[in-house]
Amino acid sequence: MKELIILSALPGSGKSTWAEQFRLTHKHVKIVSSDGIRKEVTGQYQDLEHEEEVWQIYDSRIHEYLDNYDDVTVIADSTNITNNLRLNMLQKGYHYDKITLVVLKKKLPVILKANHERNEAKFVPEFAIKTMWENWEDINDEVREKYDEVIEINKWFESPNVKESFHYKY
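The text that follows walks through the structure, step by step, so that each part is easy to find. As the structure is a prediction and not an experimental result, all values here were calculated from the model.

Non-glycine residue His-28 carries a positive phi angle of around 60 degrees. The topology assignment puts His-28 in the loop between helix H1 (15–25) and strand S2 (29–33). Of note in the backbone geometry, Asn-80 takes a positive phi value of approximately 45 degrees without being a glycine. Along the chain, the position of Asn-80 falls in the loop between strand S3 (72–77) and helix H4 (83–90). Note on Asn-80: relative accessible area 6%, which makes it buried.

In structure tokens form, the structure reads like this:
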């Protein structure tokens, strides 16, 4: 089976941590991270100078895993904070057996605290998080109908070994 899991959450909400926890507890999981690709391309997680290239690589890796594996779960790790972005992900020609949207919801003070505690290389300016918070859209009926499954997570179990095993190192 080929499954695509698209994450939706603000920076500092735990998308990458959730993805890594999932990878550690499931077989045949590949993570495609926009931050990870940005670091590969520019040397920094927060360098937005080459976004067109970053997103081309992002999409091509998702397609590559579909083409090269018969049994795979691909996690698309990026923010997807609006319903249009969530719907646009479905229009990219990804032909998986199942496409799931996982929404990680946390309160703004929790997100800001987590952002301040993260590695300096992944720190997102507070104004950027607040702007995304203001632009956040809850999942609407159209999105719910188009995805095979929508999962909203407020809390999850986190293994103490998750951060040590990340697919990309800080």
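Once you've had a look at it, read on.
This part takes up the side chain of Ser-78. Inspection of the secondary structure assignment puts Ser-78 in the loop between S3 and H4. Engagement of the side chain of Ser-78 in a polar contact is seen with the side chain of Tyr-58, the distance being 3.1 Å. Of the polar contacts made by the side chain of Ser-78, one reaches the side chain of Asn-80; its length is 3.1 Å. Excluding its chain neighbours within four sequence positions, the residues that come into contact with Ser-78 are Leu-7, Ser-8, Lys-15, Ser-34, Trp-55 and Tyr-58.

Here we come to the pattern of salt bridges. All chains considered together, the criterion is met by 12 salt bridges. For Arg-61, the salt bridge identified is with Glu-40, shortest N-O distance 2.7 Å. One end of the pair, Arg-61, is in helix H3 (residues 51–68); the other, Glu-40, is in helix H2 (residues 34–42), and 21 residues separate them in sequence. Among the salt bridges present, the one from Asp-138 reaches Lys-105, with a minimum N-O distance of 3.7 Å. With Asp-138 in the loop between helix H6 (126–135) and helix H7 (141–146) and Lys-105 in the loop between strand S4 (98–104) and helix H5 (108–117), this residue pair connects regions lying 33 residues apart in the sequence. According to the relative accessible area criterion, Lys-105 is partly exposed, its value standing at 30%.

Criteria and thresholds
- Residues numbered from 1 in each chain as written.
- Predicted model: local features only at pLDDT ≥ 70, side-chain atom pairs only at ≥ 80, totals over all residues.
- Heavy atoms only, no water.
- Helix = DSSP H or I, 4+ residues; strand = E, 2+ residues; numbered from the N terminus.
- Buried < 20%, exposed > 50% of the residue type's maximum accessible area, 1.4 Å probe, protein only.
- Polar contact = N/O pair within 3.5 Å; in protein donor to acceptor, adjacent residues only side chain to side chain.
- Contact = heavy atoms within 4.5 Å.
- Salt bridge = Lys/Arg side-chain N within 4 Å of Asp/Glu carboxyl O.

Remember, this is a structural readout, not a statement about activity or role.
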